[in-house]
Structures are given as C-alpha cells and as structure tokens.
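Descriptive analysis of the structure
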Amino acid sequence: MERSFKKEVEALRLGAGEIFHGEGILAVTKALLQSGVSYVGGYQGAPVSHLVDVMVEAKDLLAELGVHVETCTNEAAAAAMLGASINYPLRGAVTWKSIVGTNVAADALSNLASPGVIGGTLIVLGEDYGEGASVVQERSHAFAMKSSMWLLDPRPNLPTIVHLAEKGFELSEASHAPVMLELRIRACHVTGRFEAKNNRRGFYSSLERIPEPARFDYARISHPPLMFAHERLKVEERLPAAQAFIAANGLNEILSGDCDEVGIIVLGGLANNVLRALARLRLADLFGHPRIPLYVLNVAYPLLPDELRRFCAGKRAVLIVEEGWPDYIEQAVTVELHRADLNTQVLGKGLLPRTGEYTSDLMLTGLASFLRETRPKGVDVDSVVSRAQELVAHRPDAAAAVANLPTRPPAFCTGCPERPVFAAIKIAERDIGRTHISADIGCHSFATMPPFNLGNSILGYGMSLASAAAVAPAFVKRPIAIMGDGGFWHNGLISGVASNLFNKGDGVLLIMQNGYTSATGQQFMPSSPVSRDGPASGMSIEKTLRVLGVNWLRTVRSYSVATMAATLKEAMRSPDSGLKVIIADGECQLVRQRRVRVEDARRLERRKRVVHTRFGVDDEICTGDHSCIRLSGCPSLTVKPSPDPLRADPVATVIPSCVGCGLCGEVAHAAVLCPSFYRAELVHNPNLWDRLRHGLGRAVIRVFGGRADRAPARAS
Ligand code: SF4
Ligand code: SF4
C-alpha cells in the first residue's frame with residue numbers, strides 16, 4: 001500500500017467529545033463507524049482510495065465492531081454489495097472514483113434503487129471533476145436523478161461532511177432509497193477538525209448475525225411487473241419522504257445577508273469558493289458571513305421546491321453556481337420558480353462558464369458580472385467590478401512570464417518496469433512498422449505521452465482488448481491491446497479476453513504484470529504476490545488465460561528489451577490465428593523501492609554489505625544525438641552541457657536518482673546505440689573480495705593509461 005495509515009487508524013478509535021484532526025475522506029471513514037455500518041466495500045481510485053485503505057489497515061478495530069470490509073475487484077461488485085441492505089436492516093457504505101466508477105456500477109445501482117433499501121446505504125463518490133482530475137469530465141448528478149438516488153454535496157468543512165454522512169444513512173432509511181455523498185478532490189483532502197462521537201456497532205453484523213433469511217418478498221426483486229410499482233414508489237413515496245427528511249433536518253443552509261434583493265444558489269461543495277471570492281470582493285467577512293444571501297445546497301438532488309421558493313421570494317435575481325454541463329440546478333430552479341409564478345431572474349451559465357472548474361479567477365469575474373447585471377442596492381457595484389479586475393489583472397503577465405517553461409506531462413517513475421516494454425515496441429516498430437494500439441487505464445497510459453506517443457484510444461478500465469475487436473478485422477496488421485494486471489481483473493478478463501476467444505478474434509494483448517493496482521496507491525489485487533492478510537490468494541493471470549484456452553502465451557521479463565521486441569515481432573508475424581498474449585512481468589518499481597530501501601537501510605545500520613547498481617554515460621563517447629532518451633523517457637536520464645568545448649550539443653547523463661533498473665543498458669544493446677553507457681556497482685561495507693577486485697581494477701586501468709579515479713566500479 002502507498003502509505004501507512006497507523007495514525008489515522010488511531011483517530012478512528014476516538015470517542016465522544018474527543019477532537020478528530022485529519023483529511024476529509026478520513027473524516028467520512030470515522031462518520032461511517034459512528035453511524036453503525038455493518039459492511040464497507042469499494043474500489044480504489046483517487047481521491048477516495050484512502051477510505052478503503054484505512055479500513056483495511058483498521059482490521060482490529062473493525063473486528064471489534066463487527067464491520068465487514070470487502071476490497072472489491074471493481075465498482076460493480078462494490079455496488080452489488082449494497083444488496084445486503086435491500087432485505088435486512090444493515091447499514092452499508094461503498095466508495096469509488098466517479099464518474100468512471102459510477103459508470104461501471106450503474107447496472108447494480110439501478111437494480112438497487114428500483115426495489116429500494118431497508119438498511120441505510122451510502123455511496124461515497126470521489127467526484128473527479130475539474131483541475132487535477134484524471135478521468136472524463138462528467139458529473140455524477142445525472143446518475144442520482146435517473147435512478148432516484150439522493151445526492152449529498154456537503155460544504156467542504158469536516159463538521160458538515162461528517163454530519164451529512166451520518167444524516168445520509170438516516171435519509172436513506174427514511175426514504176428507502178440509496179444515498180450518494182460526493183466529495184470533490186479538494187474536499188477529500190481538506191484538513192480540519194470535528195468533535196467525535198462514539199463508534200457504534202451495527203444492529204446486525206458479524207458479531208450479531210441475522211438469525212433467519214428475510215421473508216420472501218417478490219417486491220424486493222427488480223423484475224416485471226414489480227419494476228412498474230418501483231417506479232411509482234420512487235416518485236410518489238420515496239421522493240416526498242426524502243424531501244420531508246431533508247427539510248425537517250435542515251440539511252441545506254441559508255446564509256443571510258443584508259443585500260437581499262439578490263441571492264446566490266450554490267452547490268455545497270462550491271460554497272467555500274463563493275464565500276472566499278465574496279470576501280476578496282469585500283462582500284463577506286473571513287468567517288463566512290456574506291452580504292449577499294446564499295442558499296447552500298448540501299443536498300444537490302432532490303431540490304426542495306418550498307425552501308427554494310422561500311429563498312427566492314422577494315429577490316429580483318439569483319445566481320446559480322454549478323460547475324459543468326448540463327446545468328441541472330439552473331434548469332430545475334427555473335422550472336420551480338415558473339411553477340410558483342415567481343419572476344425572480346435566474347442567472348448562471350453565461351456569467352459563469354458552461355464547462356470546467358470554477359477557479360478563483362472565474363469565480364471573481366462571474367460574481368462581479370452578476371452584480372454588474374443586477375446592481376443590488378447597498379453594493380458599490382463599480383468598485384466591486386474594478387476590484388475583481390484588479391485581482392485578476394496580473395494573470396496575463398504571469399502567464400507570459402511562464403510561457404516559455406517546458407510542459408511537464410506525467411510520466412512513468414524512474415525505473416518503472418512498464419517503460420522498457422514501450423521501448424521494445426518502438427524498437428519492434430522499426431521492423432514491423434506501426435500498428436493500431438488500444439491503450440487502457442493505468443500507469444501504462446503514460447505511454448500516450450512523449451517520448452513514446454503510443455496509443456490510439458482509451459475506452460475505459462480493462463477495455464483495451466474489447467476496444468480493438470472491430471479494428472482487428474478491418475486492419476491490415478494485428479492491433480496491439482495494452483492492459484495492466486489491475487485492468488485485467490477489473491474488467492479485461494471478461495470484456496476483453498473471454499469476448500475475444502468467444503468470437504474467435506485475432507490480435508495481440510500485452511498485459512503489464514506489475515503486481516498491484518499501482519496508479520491508485522499500490523492496492524492488492526487477485527494476482528498480487530501478497531494479499532491484505534499476508535499470503536497471496538494464489539490466482540494467476542497466466543493460469544487463468546491457459547484455462548480459458550489461450551494457446552499462444554509468452555511471459556517475458558519486462559526489462560529484457562531485446563527479448564520483448566523479438567516476442568512482439570513473433571506475435572505480429574505468427575501464422576496462427578487467435579489471440580496472442582504477452583505477459584510483461586516486472587514488479588512496480590515504486591513498491592520495490594519502498595521495500596528495498598527499508599531493507600538496505602536496516603542492513604547498513606548493521607554494517608552489512610549492500611550493493612547499489614547505477615548506470616552512467618561516458619561524456620567522451622556520447623554523440624549527443626539523444627536516441628537513448630527518445631527510447632526511454634526515464635526522468636533520471638537527462639542532458640547536461642558537453643564538457644568538450646568543441647561540441648555545442650548537450651550530452652546525455654544519468655543523475656543520482658537512477659535506481660539501476662538496467663533499461664539504459666538494455667536499450668543501448670537492443671537498439672544498437674552508441675556504447676557510451678556503463679554500469680557501476682556502488683558497494684557499501686565492502687568485503688575483502690570487493691576490495692581486492694577494486695584494487696586490481698584500478699591497477700589494470702593505470703597500466704593502460706586510464707585515470708583510475710574515473711573507474712566506474714568502486715567500493716565505499
Ligand atoms: S507506480 Fe509503479 S507501475 Fe506506476 S509508473 Fe511508477 S513504477 Fe511504474
Ligand atoms: S538505468 Fe536508466 S532507465 Fe533505469 S533508472 Fe537508471 S537512468 Fe532510469
């Protein structure tokens with residue numbers, strides 16, 4: 001796992017009256033335990049991975065509370081877990097990154113929302129929208145509306161987040177509907193404090209088991225003809241019940257202000273941004289008291305028509321602050337005000353952008369535009385507008401000042417085992433030419449960036465092989481689909497491999513077997529070398545493929561560039577029809593380094609021998625054409641000025657962050673590059689043999705007139 005959560009696990013034990021300090025997503029984790037959950041599940045993905053990671057590490061505490069934790073193989077499995085709450089009074093929570101995870105979970109969610117639940121269910125969504133996001137830019141709002149699930153969007157402060165998480169279970173039980181709690185990236189990582197409560201045991205759990213199965217009730221199945229009744233229940237009973245609960249518990253907030261001719265309606269998750277912008281425009285104090293009234297929708301769906309009308313009554317205009325498209329809130333507010341025959345003007349998109357995150361500059365200029373448009377009494381609009389202009393005036397100069405900085409796209413870690421595979425593809429392309437490459441989600445998607453620029457499409461996690469299904473029969477060469485081991489278990493096994501074999505497809509599948517779902521923080525998966533409880537589960541990709549009927553299967557060490565390039569060429573040229581799978585085997589270097597560094601530090605403490613392998617470039621031989629860099633992209637392989645005054649071009653150099661993965665040597669050999677790379681061993685606490693070898697080496701170098709102080713192999 002990426003990091004240890006020992007401290008956070010202790011915080012989960014806090015009792016009534018004690019103060020919890022920490023991140024938003026960990027506060028949610030504590031709120032789940034305070035709410036008496038019986039089960040928790042999820043699929044990793046930033047920004048909510050920590051919820052499942054902490055739960056996994058807190059197994060002793062969870063055992064005391066009887067909470068079951070499931071590390072699901074995908075989001076659909078996590079959503080299906082919530083089925084436990086359809087028949088039994090079990091509270092459960094699941095989590096994943098949205099929108100992509102919600103897409104995967106959509107079938108189970110629809111079939112959960114249709115019969116509804118008895119036990120409270122909370123779906124914690126890491127809403128990956130806006131700057132810093134890593135997935136397609138869509139919002140989860142549509143899923144809530146289409147399936148009649150309620151969507152909480154709490155103000156990003158810990159007491160509100162925790163309160164809403166706890167109330168979410170009650171809301172779910174009061175209305176018999178699943179509840180979603182969305183947290184944007186910054187809300188997940190916002191730090192703060194709240195007063196803790198005691199943790200609670202679930203009514204039923206692994207400590208207090210359900211004695212009998214539920215009475216058979218066909219109404220709990222989303223089948224005909226009951227789903228027609230479910231649809232009616234959703235609209236005519238659950239929706240009004242939810243609205244009554246939200247109103248009675250005051251889940252939305254109204255922040256009053258003296259300039260109440262106008263108002264702002266804002267989603268809870270964006271309320272702090274609005275308050276901060278108002279403060280910078282001198283229309284709010286630093287404690288969050290605005291001069292313009294705010295209606296904060298901590299519940300994004302459903303809206304409460306009566307509450308909305310009360311807020312808008314007497315106002316000339318309201319501004320809707322809602323990122324992204326469609327403008328769900330703006331449309332809903334417009335309709336409700338029309339129904340209520342209120343002629344409050346509804347403004348939003350147009351003054352604020354229709355797409356993308358509302359950054360601080362956009363918020364400032366959007367609010368200023370709203371005030372310029374509506375000119376409320378008591379506000380010196382001209383000075384607000386000029387203040388907004390002043391606050392953003394430095395931006396063009398700042399942008400111009402950094403315009404010449406090189407962009408820094410995300411890239412593989414130093415020594416990553418996936419980089420050599422793409423170097424091998426580049427080398428193989430010299431013989432077999434370019435072909436269509438279906439890329440996938442995972443670290444290997446960095447190959448779509450320089451220096452590799454490999455990958456024609458990404459269709460979802462584990463979907464690369466499936467996305468090549470229609471390319472293969474129409475393409476002159478075999479397409480290559482690239483998938484990680486995480487993607488293989490998430491979806492690729494069924495959607496890709498089984499489907500290809502079932503349809504007697506052709507093509508090449510390259511599976512990066514690095515042992516973990518690395519991009520999300522090194523969580524374990526079915527074929528990991530260890531599991532969350534210690535021993536490996538024993539599942540293997542290779543065995544699974546053989547059992548399914550894959551006949552052409554090779555496993556190649558990912559750092560063996562020449563062998564990998566040869567195997568790729570063999571797969572592309574093979575006369576055999578059918579799927580050809582190459583497993584590129586190499587442990588995630590980040591995990592390896594975290595393990596090896598600790599082991600090495602312990603050995604050094606005990607004054608034991610430790611060898612670090614490093615690569616280097618001989619300045620005098622390097623031609624400066626940088627082909628090695630174009631085939632590697634390792635951040636530790638860079639350039640420096642040539643020490644030769646007669647050569648203007650910079651030479652390649654390896655900086656000390658090199659972990660000695662060996663790719664430099666492999667690439668130089670496989671691509672027949674200049675012989676400027678050397679491999680050195682840095683020996684700590686050398687033994688007698690090391691010293692003898694070192695002395696002998698220096699002597700030989702001196703005999704041949706070399707400089708022994710520049711000998712690559714040395715002992716320390
Ligand atoms: S996390 Fe692991 S697999 Fe991902 S880029 Fe880094 S070394 Fe490679
Ligand atoms: S050997 Fe080369 S590719 Fe490997 S870590 Fe060192 S510089 Fe990077």
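Let us look at the structure shown here. (Residues numbered from 1 in each chain as written. Chains lettered and ligands numbered in written order. Predicted model: local features only at pLDDT ≥ 70, side-chain atom pairs only at ≥ 80, totals over all residues. Heavy atoms only, no water.)

1. Overview of the overall build of the chain
If you tally the helices and strands in the chain, you get 26 helices and 25 strands. In summary, the chain has a C-alpha radius of gyration of 30 Å against a globular reference of 27 Å for 716 residues, a match within 12%. Projecting the C-alpha coordinates of the chain onto the three principal axes gives extents of approximately 95 × 70 × 60 Å. Relative to its full complement of 716 residues, the chain shows a buried share of 53%. Within the chain, contacts between residues at least 6 apart in sequence are counted, and of these 78% link residues at least 24 apart. For the chain, the separation between the mean place of its 78 positive charges and that of its 73 negative charges on side chains is 6 Å. (Helix = DSSP H or I, 4+ residues; strand = E, 2+ residues; numbered from the N terminus. Rg over C-alpha atoms; globule rule 2.2 N^0.38 Å. Buried < 20%, exposed > 50% of the residue type's maximum accessible area, 1.4 Å probe, protein only. Contact = heavy atoms within 4.5 Å. Lys, Arg positive; Asp, Glu negative; His and termini not counted. Charge placed at Lys NZ, Arg CZ, Asp CG, Glu CD.)

2. Regarding the pairing of strand β11 (residues 294–297)
Of the two faces of β11, the one lined by L294 and V296 and the one lined by Y295 and L297 are each fully buried. Where strand β9 (residues 253–255) lies against β11, 3 bridges are found, and the strand directions are antiparallel. Considered in β11, the bridge of E253 is made with V296. Pairing analysis gives 4 bridges linking strand β10 (residues 262–267) to β11, with the strands arranged parallel. Each bridged residue has a counterpart across the sheet, and for I265 the counterpart in β11 is Y295. The parallel pair β10 and β11, bridged by helix α12 (residues 268–280), forms a crossover whose chirality is right-handed. (Pairing = 2+ DSSP bridges. Right-handed = clockwise from strand over helix to strand, strands pointing away.)

3. Some remarks on a positive patch on the surface
A contiguous patch of positive charge on the surface is contributed by R602, R603, R606 and K608. Considering the arrangement of structural elements, one finds R603 in helix α23 (residues 589–605). The class for R603 is partly exposed, based on a relative accessible area of 33%. (Patch = residues over 30% accessible without salt bridge, like charges linked within 9 Å, V, L, I, M, F, W, Y side chains within 5 Å. Areas by Shrake-Rupley, 256 points an atom, 1.4 Å probe, with all protein chains shown as cover. Salt bridge = Lys/Arg side-chain N within 4 Å of Asp/Glu carboxyl O.)

4. So, the pattern of salt bridges
Counting across every chain of the model gives 30 salt bridges. D153 is the salt-bridge partner of R184, the closest N and O atoms lying 2.7 Å from each other. Remark: D153 occurs in the loop between β6 (150–152) and α9 (158–175) and R184 occurs in strand β7 (residues 179–184); sequence separation between them is 31 residues. The same class applies to R184 and to D153, which are both buried. For the salt bridge of D306 with R309, the shortest nitrogen-to-oxygen distance reads 4.0 Å. Note that D306 and R309 are positioned in helix α13 (residues 305–312) at a spacing of 3 residues, about one turn of the helix.

5. Let's talk about the sheet that holds β7
With respect to topology, 7 strands assemble into an open sheet ordered β3-β2-β4-β5-β7-β6-β12, the strand pairing being mixed. Only two strands of the sheet have a single partner each, and these edge strands are β3 (68–71) and β12 (299–301). Adjacent strand axes in the sheet meet at a mean angle of 20°, parallel and antiparallel pairs treated alike. One ladder, built from 4 bridges, connects strand β2 (residues 39–42) with β3; its direction is parallel. Bridged to G42 within β3 is T71. Across the sheet, α9 touches β4 (92–98), β5 (121–127), β6 and β7, and the angle it forms with β7 is around 160°. (Axes fitted to C-alpha atoms, helices over the stretch in contact; angles between N-to-C directions.)

6. Structural notes on the packing of α12 against helix α15 (residues 360–374)
A pair of packed helices is captured by two measures, namely the crossing angle of their axes and the spacing between those axes. For the pair α12 and α15, the least separation of the axes is 9 Å and the interaxial angle reads 65°. You can see that α12 and α15 cross each other, and the crossing is right-handed. Contacts between α12 and α15 pair L270, N273, V274, A277, L278 and R280 from the former with S360, M363, L364 and L367 from the latter. A per-class count over the contact of α12 with α15 returns 7 nonpolar, 2 polar and 1 charged. (Left-handed = near helix turned anticlockwise from the far one by under 90°. Nonpolar A, V, L, I, M, F, W, Y, C, P; charged D, E, K, R; others polar.)

7. Remarks on the site of ligand 1
Taken together, F412, C413, C416, C443, N514, S518, Q522, C588, Q589 and L590 form the complete shell of residues around ligand 1. A breakdown of the residues in the shell around ligand 1 according to their chemical character gives 6 nonpolar, 4 polar and no charged. (Near = heavy atom within 4 Å.)

8. So, the sheet that holds β9
Taken in spatial order, the 5 strands of this open sheet run β9-β11-β10-β13-β14, and their pairing is mixed. The open sheet has two free edges, formed respectively by β9 and β14 (345–352), since each of these has just one partner strand. Along the sheet, successive strands turn relative to each other by an average axial angle of 25°, direction set aside. Across the face of the sheet, α13 comes into contact with β9, β10, β11 and β13 (317–321) while running at roughly 145° to β10.

9. Concerning the packing of aromatic side chains
To describe a pair of aromatic rings, one takes the distance between the centres and the angle between the planes. Here the structure, examined in full by the defined rule, presents 11 aromatic pairs. Relative to Y204, the ring of F203 has its centre 4.9 Å away and its plane inclined at 70°; by these criteria the two rings are edge-to-face. Aromatic side chains F488 and W489 sit 5.0 Å apart centroid to centroid with 85° between the ring planes, which places their arrangement in the edge-to-face category. Side by side, F488 and W489 carry an identical accessibility label, which is buried. Here the guanidinium or amino end of R554 rests over the ring plane of W552, the centre of that ring lying 3.9 Å away. (Phe/Tyr/Trp six-rings, centres within 6.5 Å; stacked < 30°, edge-to-face > 60°. Lys NZ or Arg CZ within 6 Å of the ring centre and 35° of its normal.)

10. Details of the environment of A80
Note that A80 resides in helix α5 (residues 75–81). In the structure, A80 is positioned 28 residues away from A108 in sequence and 5.4 Å away in space, judged by C-alpha atoms.

11. Observations concerning helix α11 (residues 226–248)
Over its 23 residues, α11 runs 31 Å from end to end, which matches the ideal 33 Å to within 8%, given 1.5 Å per residue. Along α11, the sharpest change in direction is near 40° and occurs at L233. Looking only at α11, the buried set comprises H230, K234, R238, A242, F245 and I246. A positive phi of about 55° marks G250, the residue just after α11. (Expected span 1.5 Å × (residues − 1). Bend = angle between axes of the 7 residues up to and from the residue.)

12. A closer look at the site of ligand 2
Taken together, the neighbourhood of ligand 2 is formed by 13 residues, with C634, C658, V659, C661 and C664 sitting nearest. The residue inventory of the shell around ligand 2, partitioned by class, reads 8 nonpolar, 5 polar and no charged.

13. Considerations on the nonpolar core
Among the nonpolar cores identified, the biggest contains 95 residues, and L32 and I265 are the most heavily contacted of them. When sequence neighbours within four positions are dropped, the list of residues in contact with I265 reads Y295, L297, L308, F311, C312, V318, L319, I320, V321 and V333. Residues V561, V617, V654 and C658 belong to the second largest nonpolar core, which totals 48 residues. (Core = buried A, V, L, I, M, F, W, Y, C linked by side-chain atoms within 4.5 Å.)

14. Structural notes on helix α18 (residues 419–432)
Here α18 contains 14 residues, and its C-alpha end-to-end distance of 20 Å stays within 8% of the 20 Å for a straight helix at 1.5 Å per residue. Counting buried positions along α18 yields 11 of 14 residues, so the element is predominantly enclosed. Taken as a whole, α18 has its buried residues at R419, P420, V421, F422, A423, A424, I425, I427, A428, E429 and I432. The inward-facing, buried residues of α18 contact β15 (437–439), β17 (480–484), β18 (507–513), α22 (561–573), β20 (579–585) and α25 (663–670). Of the residues flanking the end of α18, it is G433, one or two places downstream, whose phi is positive at about 80°.

Keep in mind that these numbers describe shape and distance, not what the molecule does.
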